[in-house]
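Observations on the model geometry
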Amino acid sequence: MEPFPGDRIQLPRNMIENSMFEEEPDVVDLAKEPCLHPLEPDEVEYEPRSSRLLVRGLGQREMDDDEEDYESSAKLLGMSFMNRSSGLQNNMSVYRRNPNGSCSMPSTRTMVVCTVVLVIAVSLIMVIYLLPKCTFTKEGCHKRNHTMEVIYPLATNGKLFPWAKVRLPHDALPVHYELVLQPNLTTLKFAGSVKIVVNIVRVTRKIILHSSGLNVTKATLTSAGGHQGKPVEFLEYPLHDQIAIIAPEALLVGQNYTISIEYSSNLSDTYYGFYKISYKDENSKQRWFAATQFEPLAARSAFPCFDEPAFKATFLIKIIRDEKLSILSNMPKKATTAVTNGIVQDEFFVSLKMSTYLVAFVVADLKNISRETNGSLVSVYATAQHLNQVGYALNTAVKLLEFYQNYFLIKYPLGKLDLIAIPDFQSGAMENWGLITFRETALLFDNNTSSTRDKKLITAVIAHELAHQWFGNLVTMEWWNDLWLNEGFATLMEYLAMEAIFPELHSDEDFVNFIFKAMMKDSLNSSHPVSSAVQSSEQIEEMFDALSYIKGASLLLMLRHYLTKDVFQAGIVVYLHNHNYGSAQSDDLWDSMNEITNGTLDVKKLMKTWILQKGFPLVTVVRKGKIISVQQEKFLYHVETENWTSDASYLWHIPLTYITSSCSFNRCSNAYLLDQKSAVIELPEEVEWIKFNVDMNGYYIVHYAEDWKTLIYLLKKNHTMLSPKDRANLINNIFSLAGLGKESLEKAFELINYLNKESSTAPLTQALYQLSLIYNLLEKKSEQQLAARVMHRIEQLLGDKIDQQRWTDDGSLSERELRSTLLAFACTHDIRNCRTTATEMFENWMKSNGTMSLPSDVMKAVFTAGAKSSDGWEFLLMMYTSSFAEAEKSKMIEALASTEDVRKLTWLMHNSLAGEVIRTQELSHIIATVSQSLPGYLLAWDFVKENWEKLTRKFHLGSYTIQNIVSWSTSQFSTKSHLLEVKSFFESKSEESSQLRCVKEAIDTIQLNIQWMERNFVKLQELL
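Residues numbered from 1 in each chain as written. Predicted model: local features only at pLDDT ≥ 70, side-chain atom pairs only at ≥ 80, totals over all residues. Heavy atoms only, no water.

1. Considering the overall build of the protein
Helix and strand counts for the protein stand at 31 helices and 33 strands. When burial is assessed residue by residue, the protein has 59% of its 1024 residues classed as buried. Within the structure as shown, the protein displays about 40,400 Å² of accessible surface, and the carbon and sulfur contribution to it stands at 50%. (Helix = DSSP H or I, 4+ residues; strand = E, 2+ residues; numbered from the N terminus. Buried < 20%, exposed > 50% of the residue type's maximum accessible area, 1.4 Å probe, protein only. Areas by Shrake-Rupley, 256 points an atom, 1.4 Å probe, with all protein chains shown as cover.)

What follows is the structure, given as structure tokens:
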């Protein structure tokens, strides 16, 4: 899945309640308590023989490995017994001393008391060492035998539900689904029936599967060879989205059984499951559209199923529809039969073996264009008014499909590939096998209004989703902890494919800047390993972040450069062949790579240091003659203290690359594997300078100590000695080190003094990003004078470059993209004559009633300038409602959200949430834009606070959209009062909200902003 494209530029909880130990209930009494309640999230399993505490319940992670702290658990219980022991010592005071020092005989009462105490103590010891393990809860200790008897929760009918875990059991495995659906776009409801053939692998009487929000009316079970289904007991446990089919007798190993379920539900009003979409056709008439979005956990809301990625099966899908509408699904259509007058049923061919989250169907009135390639029919679908904007997507998809088939040496296995533009869609796109769904801005290209950046976005998203047809669909991660196997690979292949087929787009430079932003996230305490244990729905949703996508791709890119591209490609081919139509874990990929390296390198050992540790290394380089000393430590912003300290337990195996003055660029790139804390590299000769991390192909930051002066001089003298990506890398590294306190801000500003000679997008974009961060912090802290001096410094560096830009669409794609970036920035901040020129162009466009053609690359700058006036804003909104060009509408939305009129900003956010004039899919983009301005940044935060429940209902806790809304609405804060406000707000919400990783990241970011200002404010005043 591709996250919301506008946002591309950007440990489970262990819950042990203290109340369990506050009153120190007697263990014997606890053991006698009956099992009154189902397993709750705060329950703790106690195994006396090993003194082990296991956390159970929603939000837990599987604890099969040696992850528990046995000793601390024993101490936790031991404290209770020690307290009792002290009580025993106090009771011994009943023995009286005679004046001569001898002890007198205790009284009969004392003897009885001591005997009772002794018996209790012995009983406690017997409980600890002799009783079977049990589960501690608020109600007591549920006895367990050595076979781990499960404490079952209660189903909705009050009976015991026969399964207590979030993950499904593996007693029965799905083999085949036959799904019949009848959606009604008038009543906005749907009815369905599903037959699931399951194979029994362990004797059982229960079959547990997923269902969410479905009204089940009938359930039967048919044995192999049986002709009539037998009614079965049916139980529901909504907390885990689970249902249970209870068979009348034991189900036999190796036998197939068919579960038949009939049900109904409403079309969802969120962006998950089988959901409804309202849009206006070319005649401005309201129409309805139904589509699916099942990743990660929403197939269960469309049909009962085994909704985990490893439970792969084949699917036969039949959908009953109005004959005026069309239906698309994963497979080609097999037949259409009449049902009643005006109603028909479409049946699709049986699918290949796949996961439930990849199942898809769309019900709408659609048009398409098609082309055949290598035996597969590629089609692009859209609503009628957008059909003239799908040509670029079709040409791009055909080229990319051919590239991937050649690269992976595996033919695309389906007879067709459909790409469909959805009018209202939360993500950028979704890789459903054979039916890829897209947000309209990520698929539709209009020759008149789409810019170079729009073309690059569309190309990248198509490349990403087509790569998923192999990585994710053909071979799927076994569980969501390894989501990076899907998303990291698709992101890497997206850039490799674009570099090979569309080199003029310079996508590699974009990728470098995406890596920088992922590293910013990864440098915080709130980060997580690329492969992380997840269990709850919120934790799974939160895995869809920059680390799974960008860091995952960056690590693979680093490995590709170290192994060489041919060895890496061969490893990928082995991996896909070994696991096709199945599931895989991270180790399976490394094993495939090791088959190719054949013992020359242990890829698994190397890469585990990267995917199982959060963060990344800081490599310090010290050069003395021919000797280069390198040392690694963890790069981490410690926001709670002024003094940065490294974590000694972290060690990465770093494939270092470097170039020198004796031979620069990639022609003479050298490699060295740093698998210790420090090492020494001896060069063949002394050099003038050395640059590590060539072209940012490694995921680490470099500190050059005294050599920063040499590199600063090199950029000033002849910056073209280094590649654009290397120059961007130096800018990012020195500003990151300044934020860490390892290098001075003065030196960072000195390094970028060469920028007036820079002409490449990557270093200019990175410099603008770093300086904008500083400007925004100062502006929001009401330090307007100092903020103005920062902007003056930017104008000194880039003013001439801005003046050189022409307000046209001519030049190379790289020149056009740079023009768009510089002019949009200049008009936003009123630098030079940008806003004057843009306002004049907007007024002429407004006088023509929007019929005058504007250059697409400067359209955003023109709209932003025009929206500064009230009349311009109102006209822009009117044009938004009538435009059919999605690229144009996207630029209009950003311009509308850049106004300084707080009433208009408030209306815009509320209207988008309601989905009335502005689609709800635009809300996170609007909040991001509003939060950047001085009038808007507090409004955005207030809006999030006031509408938190509505936002999380619409977008789901932990989703990529919620992550971005939280991040953007708080990222400008740099005061302790705002820090306290953000903390207090989320603490007042549910535990699921307060424990979101994006909330912790927001708090870390505010603390970092505060620290940065305290460290650098005075220095900035001196510098500027």
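Next comes the rest of the write-up.
2. Re the pairing of strand E7 (residues 204-210)
In terms of burial, E7 is a largely internal element, six of the seven residues being buried. For E7 and strand E11 (residues 242-251), the ladder comprises six bridges, and the chain directions are antiparallel. Bridged to Leu209 within E11 is Ile243. (Pairing = 2+ DSSP bridges.)

3. Observations regarding the side chain of Glu487
Of note, Glu487 is situated in helix H7 (residues 483-501). Residue classification places Glu487 among the buried positions, given a relative accessible area of 0%. Within the structure, Glu487 has its side chain in polar contact with the backbone nitrogen of Met1 (distance 2.6 Å). Here the side chain of Glu487 touches His468 through a polar contact of 2.9 Å, side chain to side chain. (Polar contact = N/O pair within 3.5 Å; in protein donor to acceptor, adjacent residues only side chain to side chain.)

4. Re the pattern of salt bridges
With the rule as written, the count across this model stands at 44 salt bridges. Salt-bridge contacts for Glu1022 lead to Lys1019; the nearest nitrogen and oxygen are separated by 3.8 Å. One end of the pair is Glu1022 and the other is Lys1019, both in helix H31 (residues 997-1023) and three residues apart, which spans about a single turn. Note on Lys1019: relative accessible area 29%, which makes it partly exposed. (Salt bridge = Lys/Arg side-chain N within 4 Å of Asp/Glu carboxyl O.)

5. Section: the confidence of the model for the protein
Within the protein, residue pLDDT values average 87, and 84% of them lie at 70 or more. Every residue in residues 125-147 is under pLDDT 50, and counting partners more than four places away or in other chains gives 70 contacts. (pLDDT = per-residue confidence, 0-100. Contact = heavy atoms within 4.5 Å.)

6. With respect to the pairing of E11
Counting buried residues along E11, seven of its ten residues qualify, which places the element largely inside the surrounding structure. In this structure, strand E10 (residues 233-237) lies alongside E11, joined through five bridges in antiparallel fashion. Residue Glu236 lies in a different strand from E11, and its bridge partner there is Ile243. Connecting E10 to the antiparallel partner E11 that follows it, the hairpin turn spans four residues, and Asp241 within it adopts a positive phi of roughly 55 degrees.

7. Looking at the sheet that holds E7
One open sheet holds the three strands; their spatial order is E7-E11-E10, and the pairing between them is antiparallel. Pairing within the sheet leaves two strands with one partner each, and these edge strands are E7 and E10. Sheet twist, expressed as the mean angle between neighbouring strand axes with direction ignored, is 25 degrees. (Axes fitted to C-alpha atoms, helices over the stretch in contact; angles between N-to-C directions.)

8. A few points about helix H18 (residues 784-803)
Compared with an ideal rise of 1.5 Å per residue, which puts 20 residues at 28 Å, H18 spans 25 Å between its outermost C-alpha atoms and falls more than 12% short. At Leu797, H18 shows its strongest bend, of approximately 55 degrees. What H18 keeps buried is the set Leu786, Ala787, Val790, Met791, Arg793, Ile794, Leu797, Leu798, Gly799, Lys801 and Ile802. Looking at the packing, one finds that the buried side of H18 touches helix H16 (745-751), helix H17 (761-780), helix H19 (813-828) and H31. (Expected span 1.5 Å × (residues − 1). Bend = angle between axes of the 7 residues up to and from the residue.)

9. Remarks on the packing of aromatic side chains
Inspection of every chain in the model, using the stated rule, returns 51 aromatic pairs. A centroid spacing of 5.5 Å and a plane angle of 90 degrees characterise the contact between Tyr407 and Phe408, whose relative ring orientation is edge-to-face. Assigned by exposure class, Tyr407 and Phe408 land together as buried. An angle of 45 degrees between the planes, with centres 5.3 Å apart, marks the rings of Phe408 and Trp470 as tilted. (Phe/Tyr/Trp six-rings, centres within 6.5 Å; stacked < 30°, edge-to-face > 60°.)

10. Things to note about the sheet that holds strand E21 (residues 376-382)
Across the sheet, five strands lie side by side as E20-E21-E22-E24-E23; this open sheet has mixed pairing. Lying at the two open borders of the sheet, with one neighbouring strand each, are strand E20 (367-373) and strand E23 (429-430). Relative to the sheet, helix H5 (residues 391-408) contacts E20, E21 and strand E22 (416-422), its axis offset from that of E20 by approximately 25 degrees. The strands touched by helix H6 (residues 452-468) within the sheet are E22, E23 and strand E24 (435-439), with E24 carrying the most contacts at an inclination of about 150 degrees.

11. Examining the side chain of Ser760
Relative to the elements of secondary structure, Ser760 occurs in the loop between H16 and H17. We classify Ser760 as buried; its relative accessible area is 17%. Beyond its immediate stretch of four places on either side in the chain, Ser760 contacts Pro724 and Arg727.

12. Overview of unusual backbone geometry
Of the consecutive residues Glu295 and Pro296, the connecting peptide bond is found in the cis state with omega at 5 degrees. Considering the arrangement of structural elements, one finds Pro296 in the loop between strand E14 (286-293) and strand E15 (314-322). Not every positive phi belongs to a glycine, and Leu409 is a case in point at roughly 60 degrees. Within the fold, Leu409 resides in the loop between H5 and E22. A residue is classified by how much of its surface remains accessible, and Leu409, at 58% relative accessible area, is exposed. Phi at Asn849 is positive, roughly 60 degrees, even though this residue is not glycine. Here Asn849 is to be found in the loop between helix H20 (834-847) and helix H21 (859-866).

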